[in-house]
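Listed below, chain by chain, are the residues.
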Amino acid sequence: MATVDWTADANEALTLSLVRAEEDKQVLGSEETYEEFHPTFTYPIYGEDEKIYGYQDLVIDLRFASGSLAQYLSVRYAQKLDASTTVDNVEGILKEFIPSDYDTDEAAFFTRVREDAVSFKPIGSVINTYTRPVPSTSGSRSATGEVVEYEVYHATWNDPGFREYHRRMQIFILLYIEAGSYINEDDDAWQFFVLYEKRKRQNGTKTYHFIGYSSVYKFYCFPEKHRLRLSQFVIVPPYQHQGHGSELYKTIYNYTLITPLISELTVEDPAEAFEDLRDRNDLRMLLANENFMKEGFGNEAVSHGGGKVRKRKTRARANPMGASSGMVKGTGKMGPPIDKAWAETFRTQLKVAGRQWQRLMEMLILMHLNPTDTQAVRAYRLQVKERLYRFNFEILAQLDKEERLEKLEETFQSLREDYLRILEMIK
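Calculation criteria
Residues numbered from 1 in each chain as written. Predicted model: local features only at pLDDT ≥ 70, side-chain atom pairs only at ≥ 80, totals over all residues. Heavy atoms only, no water. Helix = DSSP H or I, 4+ residues; strand = E, 2+ residues; numbered from the N terminus. Buried < 20%, exposed > 50% of the residue type's maximum accessible area, 1.4 Å probe, protein only. Contact = heavy atoms within 4.5 Å. Axes fitted to C-alpha atoms, helices over the stretch in contact; angles between N-to-C directions. Parallel < 35°, antiparallel > 145°, perpendicular 65-115°, else oblique. Nonpolar A, V, L, I, M, F, W, Y, C, P; charged D, E, K, R; others polar. Phe/Tyr/Trp six-rings, centres within 6.5 Å; stacked < 30°, edge-to-face > 60°. Lys NZ or Arg CZ within 6 Å of the ring centre and 35° of its normal. Pairing = 2+ DSSP bridges. 1 Å grid on protein atoms, 1.4 Å probe; cavity = no way out; pocket = protein on both sides within 12 Å on 5 of 7 lines; lining within 4 Å. Points joined across faces, edges and corners; volume = space filled by probe spheres on them. Arc of directions from axis to C-beta. Polar contact = N/O pair within 3.5 Å; in protein donor to acceptor, adjacent residues only side chain to side chain.

1. Thoughts on the environment of leucine 277
Okay, step 1: Counting through the fold element by element, leucine 277 comes out in helix 9 (residues 272-287).
Okay, step 2: Owing to a relative accessible area of 12%, leucine 277 belongs among the buried residues under this scheme.
Okay, step 3: For the pair leucine 277 and glycine 245, spaced 32 residues apart in sequence, the C-alpha separation works out to 7.7 Å.
Okay, step 4: Apart from the residues lying within four places of it in its own chain, the contact partners of leucine 277 are Gly245, Ser246 and Tyr249.

2. Description of the packing of helix 13 (residues 374-391) against helix 15 (residues 401-425)
Okay, step 1: Where helix 13 contacts helix 15, the axes come no closer than 10 Å and their chain directions differ by 110°. Relative to helix 15, the element helix 13 is oriented roughly perpendicular. Between helix 13 and helix 15, the contacting residues are Tyr380, Arg381, Val384, Lys385, Arg387, Leu388 and Tyr389 on the first element and Arg404, Leu408, Glu409, Thr411, Phe412, Leu415 and Tyr419 on the second.
Okay, step 2: Residues of the contact of helix 13 with helix 15, tallied by class, amount to eight nonpolar, one polar and five charged.

3. Some points on the packing of aromatic side chains
Okay, step 1: Counted by the stated rule, this structure contains 31 aromatic pairs.
Okay, step 2: Summarising the aromatic geometry, the rings of tyrosine 196 and tyrosine 208 are spaced 6.3 Å apart at their centres and angled 85° between planes, so their arrangement reads as edge-to-face. On the criterion of sequence distance, the pair formed by tyrosine 196 in strand 10 (residues 190-200) and tyrosine 208 in strand 11 (residues 206-221) is long-range, its members being 12 residues apart. There is no split in this pair, since tyrosine 196 and tyrosine 208 are both buried.
Okay, step 3: Each ring, one from phenylalanine 233 and one from phenylalanine 274, has its centre 4.9 Å from the other, and the planes form 55°; the classification is tilted. One end of the pair, phenylalanine 233, is in strand 12 (residues 225-235); the other, phenylalanine 274, is in helix 9, and 41 residues separate them in sequence. Phenylalanine 274 shares its class with phenylalanine 233; the two are buried.
Okay, step 4: Lying over the aromatic face of tyrosine 34, arginine 20 brings its terminal NZ or CZ to 4.2 Å of the ring centre.

4. Here's the deal with the sheet that holds strand 11
Okay, step 1: Read across the open sheet, the six strands follow the order 8-9-10-11-12-13; overall the sheet is mixed. A single partner strand is all that each edge strand has here, and the edge strands are strand 8 (125-133) and strand 13 (262-267). Taking each pair of neighbouring strands and ignoring which way they run, the sheet shows an average axis angle of 25°.
Okay, step 2: Pairing of strand 8 with strand 9 (residues 147-155) involves eight bridges; the strand directions are antiparallel. Across the sheet, threonine 129 pairs through a bridge with glutamate 151, a residue of strand 9.
Okay, step 3: Strands in contact with helix 6 (residues 162-169) are strand 9, strand 10 and strand 11; relative to strand 10, the strand with the most contacts, it is inclined by about 75°.

5. Re empty space enclosed by the protein
Okay, step 1: Using the criterion set out here, one finds two cavities of 30 Å³ or more in the structure.
Okay, step 2: When its volume is computed, the largest cavity comes out at roughly 60 Å³.
Okay, step 3: Lining the largest cavity are 14 residues, and of these Ser66, Gly67, Val113, Asp116 and Ala117 lie nearest its centre.
Okay, step 4: Those elements giving two or more residues to the lining of the largest cavity turn out to be helix 5 (106-119) and strand 11.
Okay, step 5: Sort the elements by how many residues they give to the lining of the largest cavity and helix 5 lands first, with three residues.
Okay, step 6: The class makeup of the residues in the lining of the largest cavity is seven nonpolar, four polar and three charged.
Okay, step 7: The calculated volume of the second largest cavity comes to roughly 40 Å³.
Okay, step 8: The wall of the second largest cavity is formed by Tyr249, Tyr253, Leu265, Arg278, Asp282, Lys351, Val352, Ala353 and Gln356.
Okay, step 9: Of the residues assigned to the lining of the second largest cavity, the class counts are five nonpolar, one polar and three charged.

6. Overview of helix 11 (residues 340-350)
Okay, step 1: Three or more residues of helix 11 are buried, namely Trp342, Ala343, Phe346, Arg347 and Leu350. Buried residues along helix 11 cover an arc of 135° about the axis, so they all sit on one side. Opposite the buried face of helix 11, at more than 90 degrees from it, the exposed residues are Lys340 and Ala341.
Okay, step 2: On its buried face, helix 11 sits against helix 8 (244-258), strand 13, helix 9, helix 10 (290-297) and helix 12 (354-368).
Okay, step 3: The distance from a side-chain oxygen at the start of helix 11 to the backbone nitrogen of alanine 341 is 3.3 Å, and the residue carrying that oxygen is aspartate 339.

7. Re the layout of surface pockets
Okay, step 1: Roughly 1,100 Å³ of internal volume is contained in the largest pocket.
Okay, step 2: Forming the walls of the largest pocket are 34 residues, and the residues nearest its centre are Ile177, Phe233, Ala271, Ala273 and Phe274.
Okay, step 3: For the lining of the largest pocket, the secondary-structure elements that each account for two or more residues are strand 12, helix 8 and helix 9.
Okay, step 4: Considering every element that reaches the lining of the largest pocket, the biggest residue donor is strand 12, with six residues.
Okay, step 5: When its residues are assigned to classes, the lining of the largest pocket shows 17 nonpolar, 12 polar and five charged.

8. Points about the sheet that holds strand 5 (residues 59-65)
Okay, step 1: Read across the open sheet, the three strands follow the order 2-5-6; overall the sheet is mixed. This sheet does not close on itself; its edge strands, each paired only once, are strand 2 (14-19) and strand 6 (71-76). The sheet shows a mean angle of 15° between the axes of neighbouring strands, direction not considered.
Okay, step 2: Across six bridges, strand 2 lies against strand 5 in parallel orientation. Looking across to strand 5, one finds that valine 19 is bridged to alanine 65.
Okay, step 3: Lying over the sheet, helix 5 contacts strand 2, strand 5 and strand 6, oriented at roughly 25° with respect to strand 5.

Purely geometric stuff here, so don't read any function into it on its own.
Below, the structure is given as structure tokens:
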């Protein structure tokens, strides 16, 4: 007789949905779906093993009104063990992490979705908008020229109703950010950037739908400014891989740039995927900065709308084999080696954190480096290794000289490969 397995995978059992009113569903493209997706993590809620014991065919149905994020929770299963002491209390555990006003009656929830769809308006102030073509019902781009609007709102605890709204959306931090945790509501230093889709119904009414958000923390920065630290950043799965994360990040960066009392934007312990997103957008920002590129690489470097940087075409004779065909050494401040005082001036103006700035400089130099210029290649290698040595000093200082040099070279080569991977993304 086969043994019955009473253990469920919490990540598979928990099903999430962003539910729209029927009038909002009518204008969706055939490939648009915002319901029945799963979390990446559930260990903050159901434990390190992410297992739930005592059920067969367990479904934890957690739904959100797509704009207001009002919640509905239902727990279903085919069979449950009788031994109550060993069976996990699925709803009892989850309800500790969501507001207590969630619905358990499906009809009542659908009524709430319909009402909230029309009445809900984002909290805070709009600080950025952008548009995308309306997906057609066939899944291709709309031929009508109509667009979907997207808006980013800036909010704080002082905005009426935002504290309650934050309690509804914060669970996405636990479910999609490794080691994510809830923040302290009593700390006034928190600020928030929330992204919404603004979609037009067939009758012309526009409704809002939650996409994701970021929380940032304001630190004092001597003598009279503040430093913003980006702490949490999440885009819900139905909107991922569509460029919305980049739009949200650029909004936060631009807010930093135009706010006089903010000195720089830092990031708290970024995940690899977010670090890639940050690198791509920071690099494009620098490539689009004409003054920076001209001073850094000479007048040969011409930016094309923030995209790929190319050399101006000339009708000069070709270089013989082995001769330099890349950047002319000494034509710009980027070197290598880089002019540190010049770079620090731009870093301060652009409000980029120190270590991130150094990485960006290294990537841009590599992007323009002529591999046949042995002197420039050596200068670049030494520049990067100098930073790596300082950054890893405590570990490297414990090694003998030969091991230290070997480890530095290994780290340099690994970093170079990663830089090339990132640079490939922005071509």
